[in-house]
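The primary structure of each chain is shown beneath.
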Amino acid sequence: MGVRVVWFKRDLRLHDHLPLAEAARAGPVLCLYVVEPALWAQPDASARQWGFVRESLRDLRRALAERDARLQVVVGDVVAVLDRLHALQPIEALHAHEETGNGWTFGRDRAVARWCRAHGVAWREWPQNGVVRGLRERDGWQARRDAFMAAPVAEPPPRWLNVDLPWNEPPPRDALAAVLTDADAPQRQRGGRTEGLLALQRFLAEGGADYRRGMSSPLTAPDACSRLSPHLAWGNLSVREVDQATQALLAAAPLDRAQRQGLQAFRSRLAWHCHFMQKLESEPELEWRNLHRGYDGLREDEWSDERFAALVQGRTGWPLVDACVAMLRETGWLNFRMRAMLVSVAAYPLWLHWRTVGHWLARQFVDYEPGIHWSQLQMQSGTTGINTTRVYNPVKQARDQDPQGHFVRRWLPAMRAVPDAWLFEPWRMPAETQARCGVVVGRDLPMPVVDLDTALRGAKARVHALRARPEVQAGEAAVVERHASRAGRREQPARRRSAAERSQQELF
Ligand SMILES: Cc1cc2nc3c(=O)[nH]c(=O)nc-3n(C[C@H](O)[C@H](O)[C@H](O)COP(=O)(O)OP(=O)(O)OC[C@H]3O[C@@H](n4cnc5c(N)ncnc54)[C@H](O)[C@@H]3O)c2cc1C
């Protein structure tokens with residue numbers, strides 16, 4: 001009898017893992033993870049993501065050992081690995097989860113499918129979230145997603161007949177040294193299901209009480225939010241098990257109003273997770289081209305290395321922006337509003353095209369999830385045609401979200417000596433104040449890279465002018481038809497929505 005290979009990708013767990021459950025039911029199983037240097041050499045991959053994955057693999061290895069099974073880790077190209085394996089140990093079927101990844105993984109999966117067809121190996125794939133493969137129209141999607149989430153979580157099989165690789169070469173320790181040359185994030189979250197379960201328990205134990213109140217400020221969000229994103233992105237936990245655990249708490253525990261609303265808001269975010277991933281699944285091109293083609297040419301020819309370098313180095317001169325970049329570098333995580341603000345600052349006052357900015361941010365995020373990431377990049381840059389042009393002013397955001405300057409002073413040491421009166425616009429400090437506090441703008445703190453008000457006005461005017469063009473308006477309906485959420489028809493061509501609808505729309 002041939003072996004069933006379970007190919008682990010972004011699903012580094014044994015629980016709620018149908019490919020494994022089905023393989024274990026059928027016969028001998030080989031659990032495979034392939035470290036793919038070509039994947040990790042992509043411009044959206046980084047050492048911090050790999051660090052998280054490596055820890056997740058160790059945890060997975062421990063969980064397998066408890067079931068007398070072993071994780072087989074091989075370095076190389078997946079097709080070449082399958083080819084070698086099949087020659088020595090015939091493969092009956094390859095089991096995996098469907099992946100909504102970047103263009104590279106899409107191409108790789110097609111190559112695997114071709115290889116399976118050519119070698120008579122059955123390739124069986126299962127969805128692992130609410131994303132529907134081959135979806136023809138968006139109507140009815142929500143009901144299908146909800147049905148998926150309500151289906152029972154697959155228990156891990158207690159035991160199965162384990163098969164090892166038919167060769168005995170330990171994977172090289174520094175397999176990715178040549179491709180991952182960037183630095184890890186020293187304060188990032190640790191990978192693995194054990195860590196993921198702890199994060200889930202912590203969040204649910206607090207019953208979501210601070211979730212809605214605390215999610216927007218970068219000061220409170222690290223504790224108020226669930227911090228499950230990297231565990232969901234790399235599959236330490238399934239969205240379904242997290243959703244069901246939350247629902248169970250909502251049904252069973254005596255909760256106050258804030259907790260109930262917090263948990264419900266959290267469940268909506270879990271739905272958005274699938275909603276945004278569905279966009280990339282349905283239109284993989286949104287990773288590299290504008291969702292609404294009427295926006296082509298808006299920023300492409302005006303790239304500025306200088307403005308981009310200021311952003312990446314955290315030297316824009318706007319303290320909240322620079323503090324967010326510093327936190328991201330150190331921790332690999334930021335809350336939603338601050339992510340949106342960074343992209344908005346890149347897209348409007350700095351007038352940078354979203355694609356290169358998106359690669360840089362993807363590498364920064366330990367929780368990089370292509371479907372959410374690229375959809376959000378386009379939304380916050382105003383190139384979808386179906387969302388409000390939401391332009392975040394970094395000075396206003398600082399007043400609203402960090403009024404006492406605790407956050408900027410934590411991440412930007414030079415801000416510690418700046419008097420409260422100049423927290424939001426330190427570049428306006430008179431020379432005597434600079435001399436008194438020992439912080440010289442241009443030396444200890446950068447001057448803003450552009451004049452904010454002028455740049456914002458100019459950027460908005462250009463986007464609105466484009467949006468007003470009849471051919472651009474005509475193109476909006478097609479994007480709505482393909483991608484918009486049908487939940488209350490929240491995503492609609494922007495110019496037709498009321499103010500009330502727009503406030504609902506902030507995060508979609
Ligand atoms: C420009 C930009 C890029 C982003 N890139 C990513 C990314 O690569 N990976 C990623 O997981 N999230 C991304 N997000 C969404 C969001 O910022 C993060 O999911 C969230 O900050 C993660 O923290 P958390 O797990 O504590 O979130 P919680 O608020 O506790 O939410 C729970 C889960 O719901 C999902 N979720 C939350 N907010 C959103 C949202 N707005 N859209 C879709 N799903 C959501 C995530 O899976 C998250 O883990 C991005 C947002 C923006 C504006």
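Each chain carries its own residue numbering, running from 1 in the written order of its sequence. Reporting in this predicted model follows two pLDDT cut-offs: at least 70 for local features of residues, and 80 or more for side-chain atom pairs to be given and counted; totals over whole chains, interfaces and linings ignore these cut-offs and use all residues. Side-chain calculation: all heavy atoms of the structure are included, whereas hydrogens and water are not.

The chain is annotated in an unreviewed UniProt entry as Deoxyribodipyrimidine photo-lyase/cryptochrome family protein of Hydrogenophaga luteola.

Caption draft 1: Broad picture of the environment of Val391. In this description a helix means any DSSP run of H or I spanning at least four residues, a strand means any run of E spanning at least two, and both kinds are numbered starting from the N terminus. As for its placement among the helices and strands, Val391 is situated in the loop between helix 17 (370-381) and helix 18 (394-401). A C-alpha to C-alpha distance of 7.2 Å links Val391 and Tyr348, two positions 43 residues apart in sequence. In this description, contact between two residues means that some pair of their heavy atoms is separated by no more than 4.5 Å. Among all residues touching Val391, those that are not within four sequence positions of it are Ser344, Tyr348, Leu456 and Lys460.

Caption draft 2: Layout of the layout of surface pockets. One number sums up the size of the second largest pocket: a volume of about 530 Å³. Contributing elements (two or more residues each) for the lining of the second largest pocket: helix 3 (47-65) and strand 3 (71-75). The element contributing the most residues to the lining of the second largest pocket is helix 3, with 7 residues. The definitions used throughout rest on a 1 Å grid laid over the protein atoms alone, on which a cavity is an enclosed set of points accommodating a 1.4 Å probe that cannot get out and a pocket is an open set flanked by protein within 12 Å on both sides along at least five of seven lines; lining residues are those having an atom within 4 Å of a point. Grid points are joined across faces, edges and corners, and a volume is the space filled by probe spheres set on the points.

Caption draft 3: Expanded view of the domain arrangement of the chain. Split by domain assignment, the chain resolves into domain 1 (3-126), domain 2 (193-282) and domain 3 (287-504). Boundaries of every domain are those given by an automatic assignment or by a domain database. Centre-to-centre separation of domain 1 and domain 3, based on C-alpha positions: 37 Å. Facing 12 residues of domain 1, the contacting portion of domain 3 comprises 14 residues. By definition, the buried area sums, over both parts, the 1.4 Å-probe accessible area that each loses when the two are put together. Both faces combined, the contact of domain 1 with domain 3 buries some 1,100 Å², and carbon together with sulfur accounts for 49% of it. Salt-bridge detection follows one rule: a side-chain nitrogen of Lys or Arg within 4 Å of a carboxyl oxygen of Asp or Glu. Across the contact surface, domain 1 and domain 3 share 0 salt bridges. The term polar contact refers here to a pair of N or O atoms within 3.5 Å; inside protein, the definition further demands a hydrogen-donor-capable atom paired with an acceptor-capable atom, and it admits residues adjacent in sequence only when both atoms are side-chain atoms. For the pair domain 1 and domain 3, the number of links is 10 residue pairs in polar contact (both at pLDDT 80 or more).

Caption draft 4: Fine view of the nonpolar core. Ranked by internal contacts, the top residues of the largest apolar core, which has 91 residues, are Leu228, Val242, Met341, Leu342, Val357 and Leu361. With near-sequence residues (within four places) excluded, Leu342 lies in contact with Val321, Cys324, Val325, Leu328, Leu334 and Leu361. Working definition of a nonpolar core: buried Ala, Val, Leu, Ile, Met, Phe, Trp, Tyr and Cys residues. They are joined through side-chain atoms within 4.5 Å. Buried, partly exposed and exposed residues are distinguished by accessible area as a fraction of the type maximum, computed with a 1.4 Å probe on protein chains only: under 20%, between the cut-offs, and over 50%, respectively. Counting residues in each nonpolar core, the second largest holds 30 residues, with Trp40, Ala47, Leu71 and Val366 among its members.

Caption draft 5: Looking closely at the pairing of strand 5 (residues 122-126). Between any two strands, pairing holds if DSSP finds at least two bridges. Pairing of strand 4 (residues 91-97) with strand 5, which is carried by 5 bridges, proceeds in the parallel orientation. Note on strand 5: the bridge partner recorded for Ala93 is Ala122. A crossover gets the label right-handed when its path from the first strand over the helix to the second runs clockwise, viewed with the strands pointing away from the viewer. As for the winding sense of the linkage, the β-α-β connection from strand 4 through helix 5 (residues 103-118) to strand 5 is right-handed.

Caption draft 6: Structural context of the pairing of strand 4. Burial analysis of strand 4 places 6 of its 7 residues in the buried class, which makes it a mostly covered element. Here 4 bridges tie strand 1 (residues 3-8) to strand 4, and the two strands are oriented parallel to one another. By the bridge assignment, Val6 is partnered in strand 4 with His95.

Caption draft 7: Representation of the sheet that holds strand 3. One open sheet accounts for 5 strands, arranged 3-2-1-4-5; its pairing is parallel. Only two strands of the sheet have a single partner each, and these edge strands are strand 3 and strand 5. Between one strand and the next, the sheet's axes are offset by a mean angle of 30°, whatever the strand orientation. Inter-axis angles, ranging from 0 to 180 degrees, are taken between N-to-C directions of lines fitted to C-alpha atoms, where helices are fitted over the stretch in contact.

Caption draft 8: Representation of the site of the ligand in the model. In the vicinity of the ligand there are 28 residues, among which Tyr211, Ser226, Arg227, Asp367 and Glu369 approach most closely. Measuring from an oxygen atom of the ligand, one finds a backbone N or O atom of Ser229 at 2.9 Å. Throughout, the Shrake-Rupley method with a 1.4 Å probe supplies accessible areas, and for residues the shown protein chains are the sole cover considered. Computed on the free molecule, the ligand has an accessible area of 820 Å², of which 98% lies beneath the protein chains in the complex. Broken down by secondary-structure element, the contributors of at least two residues to the shell around the ligand are helix 10 (229-233), helix 12 (257-282), helix 15 (336-347) and helix 17. In terms of residue count, the dominant contributor to the shell around the ligand is helix 12 (6 residues). Note that Gly is not counted as nonpolar here; it falls among the polar residues with everything else outside the nonpolar set of Ala, Val, Leu, Ile, Met, Phe, Trp, Tyr, Cys and Pro and the charged set of Asp, Glu, Lys and Arg. The residue inventory of the shell around the ligand, partitioned by class, reads 17 nonpolar, 6 polar and 5 charged. Distances are taken per atom, and a residue is near a molecule or strand as soon as one of its heavy atoms is within 4 Å of it.

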